Amino acid sequence: MSTPTRRLTVAQALVRFLSAQYTERDGVRQRLIAGTWGIFGHGNVAGLGQALLEAGEDTMPFHQGRNEQAMVHAAVGYARQLDRLSAQAVTTSIGPGATNLVTGAALATINRLPVLLLPGDYFATRVADPLLQQLEHPVEADLSVNDTLRPVSRYFDRVTRPEALIPSALNAMRVLADPVETGAVTLALPQDVQAEAYDWPEEFFAERVWHVRRPAPDPRELAEAVAAIRGAERPLIVAGGGVHHSRAEDALKALVDATGIPVASTQAGKGSLRHDHPADLGGIGHTGTAVSDGIARTADLVIGVGTRYTDFTTASNTLFQRPDVRFVNLNIAAFDAHKLAARTLVCDARAGLTALTEALAGHRVNSVYEEEYRAGKERWEQVVEAALTAADDSAVPTQTQVLGALDAVVGDEDVVINAAGSLPGDLHKLWRARSRRQYHLEYGYSCMGYEIPAGIGVQQAAPNTPVWSLVGDGTYLMMPTEIVTAVQEGLPVNLVLIQNHGYASIGGLSESVGGERFGTAYRYRAADGTFSGAPLPVDLAANAGSLGMDVLRAKTVGELREALAAARASDRPTCVYVETDTATPTAPPAETWWDVPVAATASREAAVRAREEYDRQVADQRRHL
């Protein structure tokens, strides 16, 4: 008996296949690939472009982007908002369109967030060779610029024959839907193959549901973790992004309420507990709170939940200083669970936390320890209030006071997005997260330009949710292009644009490591050739307006508060522009160190002093074995 087939091009078949893929977790099903972003060129216009047109919006919604990297950022924002259960695809032409994907792909993979990349490629037949924008390699004829995506992709394949699409597409879906493996997935599609027809088995287009597992903890690992927790005097939970991805916030709260173990959060994990929970100590590490880092220094057991322990979290391995400190890591990925020589609990975050709560029944930390960290939390909250609050509404706001004004306007459902500059440090220390997805910081790759497209992705994933993309002038100049997309799609993303005339974060870092803020200010050249003259007369608000945004300018704290309220009430993409007071330091200083190597030999006094301080700090680094 013959197998039923359908004759379609490779691109048409891929689009049909993607439209029939679903994920399911806890009985809830949703599209795995919910839409496709695209910018068309000769490498995909007649293949995937034609296929998307023919399929129609009901089969595969199409989103028009302005920059290929930004399209990936938007897809990543979308996937994060939906807990990695639904993703988007991104198609580009060959050449620069494809290489522009690399930064976005790295961001997705580092943050363990799914995105499907579909770049065009050279002719598989080599009949027209070399093509426009083709890279020629003298000894590797099968190499193309798309190979730059290999190291930043969790799965990569070049589909050089129609029938090869079937196993490749299935593998792509497997990786995207797997919480352990997920990240950027790349299917490089030669442009002639995209347009080639083939008789596809109908079964290829059948609806497929990819079950997202919640693996339970191994009984022996669970018993060892429970014994370690029961034996600890000063345990501390470090909540990472895996808590959110697993929707484990309620399970974490149940464990904390039962045991009294305090929680510090990474950038990705902030909001795992509401800010006003008595056991929530706020951010941890180099940008952490005083109470969180103080407890971390004396903790005898650190329980990592869904974290990969970046150098910001561990303060470059100087934070956890108690000589006998040990680690228990609960993580769905064994790769991350084994870090810091930890006892492992390789399982889903929600399943693992629930099992720990049941197994620890009757156990609670010493009341003196609870009183200590709660008192520390109260002291820190006074620091936060002082930093966020302006005494005079007529004053030019500092950056932290901008955050205070925003804090007064947002509701629990709002989403605040940031990725780079000095804002992540201020937000990690000071933002009072009120819900599980309110705090959206991309700090795995800390990519300038992420915020605006990510805001679009979040709006697509959660319509009618107020979204705030927070950027400084340096980040804005990197990638404002998707403002046009937000205007085109009628997505009311709110942009808070802070003008501080340069790279504020790196300027401060440069000063601390002996770099004397070299090359970090946006100013005219002075007589000595340095960029230390007057600020540049750049009007970024006018630029945002020219791209179609409504623009509200605020010069004082009072005007800022009014502008933010107006933006939140608007149904249009709106930019709130404010020039901040950079002369008045209001952000609390870093509580821990961060290892940025300093010149071992130098003639300038600033670098010599910085190296002396570096040598003092590096002596505290340790390897946890």
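Please refer to the structure placed before this passage.
Notes on the structure follow. (Residues numbered from 1 in each chain as written. Predicted model: local features only at pLDDT ≥ 70, side-chain atom pairs only at ≥ 80, totals over all residues. Heavy atoms only, no water.)

## Here's the deal with the overall build of the chain
Move 1: Across its full length, the chain holds 24 helices and 23 strands.
Move 2: A globule of 625 residues ought to have a C-alpha radius of gyration of about 25 Å, and the chain, at 25 Å, matches this closely.
Move 3: Overall, the chain is about 75 × 70 × 55 Å in size when its C-alpha atoms are taken along their principal axes.
Move 4: A sequence separation of at least 24 residues applies to 77% of the contacts in the chain between residues at least 6 apart.
Move 5: In the form shown here, the chain has an accessible surface area of approximately 24,600 Å², with 52% of it arising from carbon and sulfur atoms.
Move 6: Of the charged side chains in the chain, 56 are positive and 74 negative, and the gap between their average positions amounts to 3 Å. (Helix = DSSP H or I, 4+ residues; strand = E, 2+ residues; numbered from the N terminus. Rg over C-alpha atoms; globule rule 2.2 N^0.38 Å. Contact = heavy atoms within 4.5 Å. Areas by Shrake-Rupley, 256 points an atom, 1.4 Å probe, with all protein chains shown as cover. Lys, Arg positive; Asp, Glu negative; His and termini not counted. Charge placed at Lys NZ, Arg CZ, Asp CG, Glu CD.)

## A look at the sheet that holds strand β3 (residues 28-31)
Sheets are built from strands paired through backbone hydrogen bonds, the pairs being either parallel or antiparallel.
Move 1: Strand order in the open sheet formed by three strands is β3-β2-β11, with mixed pairing between adjacent strands. Only two strands of the sheet have a single neighbouring strand rather than two, namely β3 and β11 (208-211). Direction aside, neighbouring strands of the sheet carry axes that sit 30 degrees apart on average.
Move 2: Along the sheet, helix α1 (residues 10-19) contacts β2 (21-25), β3 and β11; its crossing angle with β2, the most-contacted strand, is approximately 20 degrees.
Move 3: Lying over the sheet, helix α6 (residues 165-177) contacts β2 and β11, oriented at roughly 35 degrees with respect to β11. (Pairing = 2+ DSSP bridges. Axes fitted to C-alpha atoms, helices over the stretch in contact; angles between N-to-C directions.)

## Re the pattern of salt bridges
Move 1: Using the criterion set out here, one finds 40 salt bridges in the structure.
Move 2: Linking E370 and R374 is a salt bridge whose minimum nitrogen-to-oxygen distance equals 3.4 Å. With E370 and R374 both in helix α15 (residues 367-388) and four residues apart, the pair spans about one turn of that helix.
Move 3: Among the residues examined, E370 registers a relative accessible area of 10% and is labelled buried.
Move 4: Across the salt bridge formed by R553 and D539, the nearest N and O atoms sit 3.0 Å from each other. Note that R553 is positioned in strand β22 (residues 550-554) and D539 in the loop between α21 (504-512) and α22 (540-546), a separation of 14 residues in sequence.
Move 5: R553 gets classed as partly exposed once you look at its relative accessible area, which sits at 48%.
Move 6: According to the relative accessible area criterion, D539 is partly exposed, its value standing at 35%.
Move 7: Salt bridges here are not isolated pairs; linked through shared partners, they connect D83, R247, E249, R436 and R437. (Salt bridge = Lys/Arg side-chain N within 4 Å of Asp/Glu carboxyl O. Buried < 20%, exposed > 50% of the residue type's maximum accessible area, 1.4 Å probe, protein only.)

## Considerations on unusual backbone geometry
Move 1: Across the junction of D129 and P130, the peptide omega takes the value 5 degrees, indicating a cis bond.
Move 2: Mapped onto the elements of the fold, P130 is located in the loop between β7 (115-121) and β8 (155-158).

## Here we look at the side chain of D192
Move 1: Topologically, D192 is positioned in helix α7 (residues 191-194).
Move 2: Buried and unpaired, D192 has R126 as its nearest opposite-charge partner, separated by 8.2 Å.
Move 3: A polar contact of 2.9 Å, which involves the side chain of D192, links it to the backbone nitrogen of A124.
Move 4: Leave out the neighbours within four places in its chain, and D192 touches Y122, F123, A124 and T125. (Polar contact = N/O pair within 3.5 Å; in protein donor to acceptor, adjacent residues only side chain to side chain.)

## Notes on the sheet that holds strand β12 (residues 235-239)
Move 1: The sheet built from six strands is open, its strands ordered β14-β13-β12-β15-β16-β17 with parallel pairing. The sheet is open, and its two edges are formed by β14 (280-283) and β17 (343-346), each paired on a single side. The mean inter-strand angle of the sheet, taken between neighbouring strand axes irrespective of direction, is 20 degrees.
Move 2: In this sheet, strand β16 (residues 326-331) lies alongside strand β15 (residues 301-305) in parallel orientation, the contact comprising five bridges. Within β16, the position partnered with V305 by the bridge is L330.
Move 3: Strands in contact with helix α11 (residues 290-298) are β12, β13 (263-265) and β14; relative to β14, the strand with the most contacts, it is inclined by about 100 degrees.

## Some words on α11
Move 1: Considered for burial, the residues of α11 that qualify are V291, S292, D293, I295 and A296.
Move 2: Buried positions along α11 lie against β12, β13, β14 and α15.

## Here we look at the nonpolar core
Move 1: Counting residues in hydrophobic clusters, the biggest one holds 80 residues, and the most contacted among them are I237, L252, L356, W468, L470 and L564.
Move 2: Ranked by size, the runner-up nonpolar core spans 36 residues in total, among them L8, V15, A89 and A172. (Core = buried A, V, L, I, M, F, W, Y, C linked by side-chain atoms within 4.5 Å.)

## Considerations on the pairing of strand β20 (residues 467-472)
Move 1: Counting buried positions along β20 yields six of six residues, so the element is predominantly enclosed.
Move 2: With burial as the criterion, each face of β20 is covered, one bearing V467, S469 and V471 and the other bearing W468, L470 and G472.
Move 3: In the sheet, strand β18 (residues 415-418) pairs with β20 via three bridges, with the strands oriented parallel. The partner of I417 across the bridge, within β20, is S469.

## Concerning the pairing of strand β4 (residues 33-38)
Two faces, one strand: in a regular strand the side chains alternate between the faces of the sheet.
Move 1: When you tally the buried positions in β4, you get six out of six residues, the bulk of the element.
Move 2: Strand direction decides the pairing type here: β4 and strand β6 (residues 87-92), joined by four bridges, are parallel. The residue bridging W37 from the neighbouring strand is V90, located in β6.
Move 3: Bridging between β4 and strand β5 (residues 62-64) involves three bridges; their strand directions are parallel. Considered in β5, the bridge of G38 is made with Q64.
Move 4: Where the polypeptide runs from β4 across helix α2 (residues 45-55) and back to β5, its parallel neighbour, the crossover connection is right-handed. (Right-handed = clockwise from strand over helix to strand, strands pointing away.)

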